[in-house]
Amino acid sequence: MPLWAEAGCWGLLAGSALLIGAAAGWWLRISPQVIAGTVAFGAGVLISAMAFELVDRAERSVGLLPTVVGFVAGAVSYVAVNALLARRGAQHRKRSGPGQPSETQVQGSGAAIVVGSLLDGIPESVVLGLSLFEGGIGVAVLAAIFLSNIPEGLSSAVGMREAGRGAGYVFGMWGSVAVLTGVAALAGNLLLETASPVTVAVITAVAAGAILAMIADTMIPEAFARTHLLTGLITTSGFLIAFTLTRVEL
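Please read all numbers here as calculations on a predicted model, not as lab measurements. (Residues numbered from 1 in each chain as written. Predicted model: local features only at pLDDT ≥ 70, side-chain atom pairs only at ≥ 80, totals over all residues. Heavy atoms only, no water.)

### What to know about the UniProt feature "transmembrane region" (unreviewed entry) in the chain
- The sites that carry the UniProt feature "transmembrane region" (unreviewed entry) are, in the present numbering, residues 7–28, 34–55, 62–85, 126–147, 168–192, 198–216 and 228–248.
- A helix fraction of 100% and a strand fraction of 0% characterise residues 34–55, whose end C-alpha atoms lie 30 Å from each other. (UniProt positions renumbered as here; feature names shortened; annotations may be inferred. Helix = DSSP H or I, 4+ residues; strand = E, 2+ residues; numbered from the N terminus.)

Here is the structure:
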């Protein structure tokens, strides 16, 4: 199988976790505290993978300054686009309780939520595609993205149900996002196949900055709204589990 096709398959696998979470959120009656706890856990998993698998690897490849510049560029870009989407009604796209606007409340909010979900997932997918250049899929990164996607889909699906959106919309949206994350992983691998290690490392740093900004802007606020003082402890547990995966992989 060509490397780009393998990247697409891994990206699709990671994106399928969004559908798993959405199905759990739609059909199961899970308490808001449990949903928020899973979001906090997913945030910790992503923070660990971002720090040890992305930023550290980039810094070792290209040095501190290019890594810092790429990281800041990724964070600023994410925040800027997210601010635009927030004005369209996508600021609470991961919220499981009241907060997500219905289409009648904010016209075009559904489309904004879809675009926002893609914005959240594309940096992760590109990183998956790039990880194959290291000689094989990064197990820790794949596990981190998969585990964090489940609570994301779960929380958002509950919020969409509360906002009055139907099952066709919810599963159509998450199915589309899952497919497009696979496409993003494929494209990242294909377009950068001949790129220099320096370019790959800088793009990895950009993706890491976007991921951290996403965690701070969307996942942690949703978790803290329900779990309050337990948020730090739950996030720490996710971080430690993901960190253990990186050590085992090594």
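Structure shown, so let's carry the discussion forward.
### Thoughts on the environment of Leu28
- Mapped onto the elements, Leu28 comes out in the loop between helix H1 (3–27) and helix H2 (32–62).
- The exposure class of Leu28 is partly exposed, given its relative accessible area of 49%.
- Separated by 130 residues in sequence, Leu28 and Val158 have C-alpha atoms that sit 9.5 Å apart. (Buried < 20%, exposed > 50% of the residue type's maximum accessible area, 1.4 Å probe, protein only.)

### What about the nonpolar core?
- One finds Leu46, Tyr78, Leu128, Ile145, Met214, Ile215 and Met219 to be the most contacted residues of the largest nonpolar core, which totals 24 residues.
- Counting only elements with at least two residues in this core, the list comes to H2, helix H3 (64–90), helix H4 (109–131), helix H5 (139–162) and helix H7 (197–227).
- Looking at which element gives the most residues to this core, the answer is H7, with nine residues.
- Counting residues in each nonpolar core, the second largest holds 11 residues, with Ala157, Phe171, Trp174 and Val177 among its members. (Core = buried A, V, L, I, M, F, W, Y, C linked by side-chain atoms within 4.5 Å.)

### Things to note about the pattern of salt bridges
- Within this structure, the stated rule accounts for two salt bridges.
- For Glu53, the salt bridge goes to Arg57, with nearest N and O atoms at 3.1 Å. Taken together, the residues span about one helical turn, with Glu53 and Arg57 both in helix H2 at a distance of four residues.
- Note that Asp56 and Arg60 form a salt bridge whose closest N and O atoms lie 2.9 Å from each other. Of this pair, Asp56 and Arg60 are both found in helix H2, four residues apart, which corresponds to roughly one turn of the helix. (Salt bridge = Lys/Arg side-chain N within 4 Å of Asp/Glu carboxyl O.)

### Quick look at the environment of Ala207
- Relative to the elements of secondary structure, Ala207 occurs in helix H7.
- A C-alpha to C-alpha distance of 7.0 Å links Ala207 and Glu124, two positions 83 residues apart in sequence.
- Among residues more than four places away in sequence, those in contact with Ala207 are Pro123 and Val127. (Contact = heavy atoms within 4.5 Å.)

### Considering the packing of H1 against H5
- Viewed as axis vectors pointing N to C, H1 and H5 meet at an angle of 35°, and their least axial separation amounts to 6 Å. Relative to H5, the crossing made by H1 is right-handed.
- Within the contact of H1 with H5, the residues separate by chemical class into 16 nonpolar, six polar and two charged. (Axes fitted to C-alpha atoms, helices over the stretch in contact; angles between N-to-C directions. Left-handed = near helix turned anticlockwise from the far one by under 90°. Nonpolar A, V, L, I, M, F, W, Y, C, P; charged D, E, K, R; others polar.)

### Considerations on the side chain of Asn149
- Tracing the sequence through the fold places Asn149 in helix H5.
- Overall, the relative accessible area of 4% leaves Asn149 in the buried class.
- If near-sequence neighbours (up to four positions away) are discounted, Asn149 is found in contact with Ala14, Gly15, Ala17, Leu18 and Glu124.

### Thoughts on the environment of Val76
- Of note, Val76 is situated in helix H3.
- Residues Val76 and Val206 lie 130 residues apart in sequence; the distance between their C-alpha atoms is 9.6 Å.

### Here's the deal with empty space enclosed by the protein
- Per the counting criterion, the structure on display carries two cavities of 30 Å³ or more.
- Estimates place the volume of the largest cavity at around 60 Å³.
- Contributing to the lining of the largest cavity are 14 residues, with Leu18, Gly121, Glu124, Asn149 and Thr181 lying nearest its centre.
- Elements with a contribution of two residues or more to the lining of the largest cavity: H1, H4, H5 and helix H6 (167–191).
- By residue number, the principal contributor to the lining of the largest cavity is H4, which donates five residues.
- Size it by volume and the second largest cavity reaches roughly 40 Å³.
- In this structure, the second largest cavity is lined by Leu46, Ala49, Met50, Leu54, Glu124, Val127, Val141, Ile145 and Ile211.
- Of all the secondary-structure elements, those providing two or more residues to the lining of the second largest cavity are H2, H4 and H5. (1 Å grid on protein atoms, 1.4 Å probe; cavity = no way out; pocket = protein on both sides within 12 Å on 5 of 7 lines; lining within 4 Å. Points joined across faces, edges and corners; volume = space filled by probe spheres on them.)

### Digging into unusual backbone geometry
- Although it is not a glycine, His228 sits at a positive phi angle of roughly 50°.
- Along the polypeptide, His228 turns up in the loop between H7 and helix H8 (231–249).

### A look at a nonpolar patch on the surface
- Together, Leu12, Val179, Leu180 and Val183 line one region of the surface with nonpolar side chains, adding up to about 320 Å² of accessible area.
- Top element by residues in the nonpolar patch is H6. It accounts for three residues.
- Mapped onto the fold, Leu12 is located in helix H1.
- Judged by relative accessible area, which is 42%, Leu12 ranks as partly exposed. (Patch = residues over 30% accessible without salt bridge, like charges linked within 9 Å, V, L, I, M, F, W, Y side chains within 5 Å. Areas by Shrake-Rupley, 256 points an atom, 1.4 Å probe, with all protein chains shown as cover.)

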